[in-house]
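Tertiary structure, described
In case you want the letters, here they are:
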Amino acid sequence: MRGVILLLVTLMATSHNVSAFSFVPSHTSIRDRSSVQSSNKSASRKSHNILSMKVSSPPPYPVRVTVMGGGNFGIALASVVAKKGIPTTLLVRSEEVAEQINEKHRHPKYMKDIALPRTVRATANKKTALSDATYIIHAVPVQYTRDYLNTVKDAIPPNVPILSASKGIETSSLGFMADILKECLGEDRSYAFLSGPSFAREICEGVATAVVIASEDLMLADDLAELMAGEDFAVFTSRDVIGVEVGGAVKNVIAIAAGMCEGLGLGTNAMSGLVTRGCGEMRRLGIYLGARPSTISGLSGVGDTFGTCFGPLSRNRQFGYRLGKGETPEEIRASMTEVAEGVDTSIALVKMIKKRCKGYRLDLKYPILFGVADIIEGNMRPLEGLKGLMNFPTRMENYDERF
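The structure displayed is predicted, hence computed values, not measured ones. Note that residues are indexed from 1 along each chain, following the sequence as it is written. For a predicted model such as this one, the threshold for reporting local features is a pLDDT of at least 70, and the threshold for listing and counting side-chain atom pairs is 80 or more; totals across whole chains, interfaces and linings nevertheless cover every residue. The basis for every side-chain value is the complete set of non-hydrogen atoms in the structure, without hydrogens or water.

**Some words on the overall build of the protein chain**
Helix numbers and strand numbers start at the N terminus; a helix is a DSSP run of H or I with at least 4 residues, a strand a run of E with at least 2. The secondary structure content of the protein chain amounts to 19 helices and eight strands. Looking at the protein chain as a whole, 52% of its 403 residues qualify as buried. A separation threshold of at least 6 residues defines the contact pool for the protein chain, and within that pool the share at least 24 residues apart is 73%. Three labels apply to residues, based on accessible area from a 1.4 Å probe with only protein chains included: buried if under 20% of the type maximum, exposed if over 50%, partly exposed otherwise in between. The contact definition used throughout considers only heavy atoms, calling two residues in contact when any of these lie within 4.5 Å.

Below, the structure written as structure tokens:
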């Protein structure tokens, strides 16, 4: 009888997406956390062997998630977590905005037609939002991240893991999000990074989406994957943080180039070739910086590039399209309500390549990345830049594999 009861409990527990063994209170140290989880993972594996299925159940203590950043993507990720029945706090800048979200369950500015789950609560009070958080999701644009973190870091409890959903390179430090987070919040906590083809509106509308979460702490990546995964939101994991970050930054720049190609009316052939060659530059840079080729060809690299270059909801593609139609970067920025991360990232990316990548004629190794930066800075016009790419010297498709 006891065996039958155990089997029934186990079968009921599998309906949950959150592992009972993978959660440890946020206030435990990283060392204690690893020790506890190692023991629990062992127990989980034994159950798996007995029942030939994954044993899972609700976490043994209340999980609370705070999302920092009330833009489209912050709203989307808050919705993903809240739909799992987990209390979710959205930390916004304005108390007025918070009140409207709490009363009407809609953001007054972003995706106003999208109803938010009632388990999403908003506040502009950083202590209220962060003091009891089990996990914190960071969804503030890269160029504003450092200043933002400096205003909230004193309210973030020690050891609480941070999941970053921001993509790009900081123009001042030429660092990725992993660098910024560690510099601002210290290295004594675990960090994870979410990327992949994931438009905020489609996530909120329940359209099938697949992303990857990378972390040097794979237990954290697994925990976050189980926390967020649902019927319409698939989450894979990786240890390749630099690969995920390179893909997330470079794809936005390629999308600007793709948008310019469309704006100039150069056709599908030209755009397909441009995007493919851009992915080649992404792969080359990623491998140089230590990324795995499989990560670049996965969701956070090629996958996110396809979505951003060809998707109608892409801000970076739209920015490039308007450049191709003759508008200036200043005119486009003045009319946009949200940030196109690829604009600043394109300039920072070229500076980072010149600083960190050694070798002859870097502009020949990264012609698309360098070309987009030149156009953004006003050194050439879109048509001139794209024609230059078409007149590039004939060589092997992948010259770095010629031996």
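More follows now that the structure is in view.
**Here's the deal with the pairing of strand 7 (residues 209-214)**
Burial runs high along strand 7: five of the six residues are buried. When strand 6 (residues 191-195) meets strand 7, the two strands line up antiparallel, connected through three bridges. When the bridges of strand 7 are listed, Phe193 appears paired with Ala214. Strands were regarded as paired on the criterion that DSSP finds at least two bridges between them. With six bridges joining them, strand 7 and strand 8 (residues 233-238) adopt parallel strand pairing. Paired with Ala214 across the bridge in strand 8 is Ser238. Orient the strands so they point away from the viewer; a crossover is then right-handed if the path from the first strand over the helix to the second runs clockwise. As a crossover connection, the stretch from strand 7 through helix 9 (residues 218-228) into strand 8 is right-handed.

**A short note on the nonpolar core**
As used in this record, nonpolar core signifies buried Ala, Val, Leu, Ile, Met, Phe, Trp, Tyr and Cys residues forming a set joined through side-chain atoms within 4.5 Å. Core analysis: the biggest nonpolar cluster contains 46 residues, and Leu285, Leu349, Met352 and Ile353 have the highest contact counts within it. Elements that contribute at least two residues to this core include exactly helix 10 (241-263), helix 11 (267-289), helix 13 (299-310), helix 14 (315-324), helix 16 (341-356) and helix 18 (367-376). With 11 residues, helix 10 is the single largest residue contributor to this core. Filtering out sequence-adjacent residues up to four positions away, Leu285 remains in contact with Val246, Val250, Leu349, Met352, Ile353, Cys357 and Tyr366. Of all hydrophobic cores here, the second largest spans 44 residues; its members include Phe73, Val80, Tyr110 and Ala225.

**A word on the packing of helix 10 against helix 13**
Helix axes are fitted only over the stretch in contact, all axes being lines through C-alpha atoms; the angle between N-to-C directions runs from 0 to 180 degrees. Packing of helix 10 against helix 13 brings their axes to within 8 Å, and their N-to-C directions diverge by 25°. Taken together, helix 10 and helix 13 sit at an angle that is classed as roughly parallel. Handedness of the helix 10/helix 13 crossing: right-handed. Contacts between helix 10 and helix 13 involve Gly243, Val244, Gly247, Gly248, Lys251, Asn252, Ile254, Ala255 and Ala258 from the former and Ser300, Gly301, Asp304, Thr305, Thr308 and Cys309 from the latter. Classes in brief: Ala, Val, Leu, Ile, Met, Phe, Trp, Tyr, Cys and Pro nonpolar; Asp, Glu, Lys and Arg charged; the others, Gly included, polar. Classifying every residue of the contact of helix 10 with helix 13 gives five nonpolar, eight polar and two charged. Angles are sorted into four bins: roughly parallel if under 35 degrees, roughly antiparallel if over 145, roughly perpendicular if 65 to 115, and oblique for all others. Helix crossings are classified by the rotation of the near helix relative to the far one: an anticlockwise turn of less than a right angle makes the crossing left-handed, while a clockwise turn makes it right-handed.

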